Amino acid sequence: MQVIFSPLPESIEHIRAGKLRPLAVTTATRLEVLPDIPTVGDFLPGYEASGWQGIGAPRNTPAEIIDKLNKEIGVGLADPKINARIAELGGTVLAGSPADFGKRVSDDVEKWAKVINFAHIKSD
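Residues numbered from 1 in each chain as written. Predicted model: local features only at pLDDT ≥ 70, side-chain atom pairs only at ≥ 80, totals over all residues. Heavy atoms only, no water.

(A) Geometry of the pattern of salt bridges. Under the defined criterion, the tally for this structure stands at 8 salt bridges. Ionic pairing is found between Glu88 and Arg85, a salt bridge with its closest N-O pair at 2.4 Å. Here Glu88 pairs with Arg85, and both are found in helix H3 (residues 80-88), just 3 residues apart, close to one helical turn. On the accessibility criterion, Glu88 (38% relative accessible area) is partly exposed. (Salt bridge = Lys/Arg side-chain N within 4 Å of Asp/Glu carboxyl O. Helix = DSSP H or I, 4+ residues; strand = E, 2+ residues; numbered from the N terminus. Buried < 20%, exposed > 50% of the residue type's maximum accessible area, 1.4 Å probe, protein only.)

(B) Representation of unusual backbone geometry in the model. Positive phi values are uncommon outside glycine, yet Asn60 reaches one of about 70°. Position of Asn60 relative to the elements: it lies in the loop between helix H1 (8-16) and helix H2 (63-78). The exposure class of Asn60 is exposed, given its relative accessible area of 73%. Even without being a glycine, His120 presents a positive backbone phi close to 55°. Within the secondary structure, His120 sits in the segment after helix H4 (98-118).

(C) Fine view of the side chain of Thr39. As for its position among the elements, Thr39 is in the loop between H1 and H2. Those residues within four positions of Thr39 in sequence are excluded, and the remaining contacts are Ala24, Val25, Thr27, Ala28, Thr29 and Arg30. (Contact = heavy atoms within 4.5 Å.)

(D) The arrangement of the environment of Ser97 in detail. Inspection of the secondary structure assignment puts Ser97 in the loop between H3 and H4. The spatial distance from the C-alpha of Ser97 to the C-alpha of Ile37 is 31 Å, given a sequence separation of 60 residues.

(E) Structural context of the environment of Ser11. For Ser11, the position within the fold is in helix H1. In sequence terms Ser11 and Gly90 are 79 residues apart; their C-alpha atoms lie 9.5 Å from each other. Residues in contact with Ser11, not counting those within four places in the same chain, are Ser6 and Leu20.

Next up, the structure:
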């Protein structure tokens, strides 16, 4: 394989084993787990393409259920063992409120819609 853009959790063990050589990370800042690896933005200012995961619920889920889920998920993400494992895999915990998550989704939809429109990408 000549080049791959791969989520870090899928490739970190290959990097550690010396089977893959990272050239750069696509996050806005260098990663704690790979501190010597530059960002793509170091060479192409403004570049950032981070992957993320989140947990959603069906529309019209009662607010008290959303609040309970957010609280319990936050407790889990604050657990030092869970946080350490996520960091070990190259991830960063971004706990927050449901409104924070909604803003992240909205911001990313807006960001990538601009890319899709600029590139004239059409769905089939």
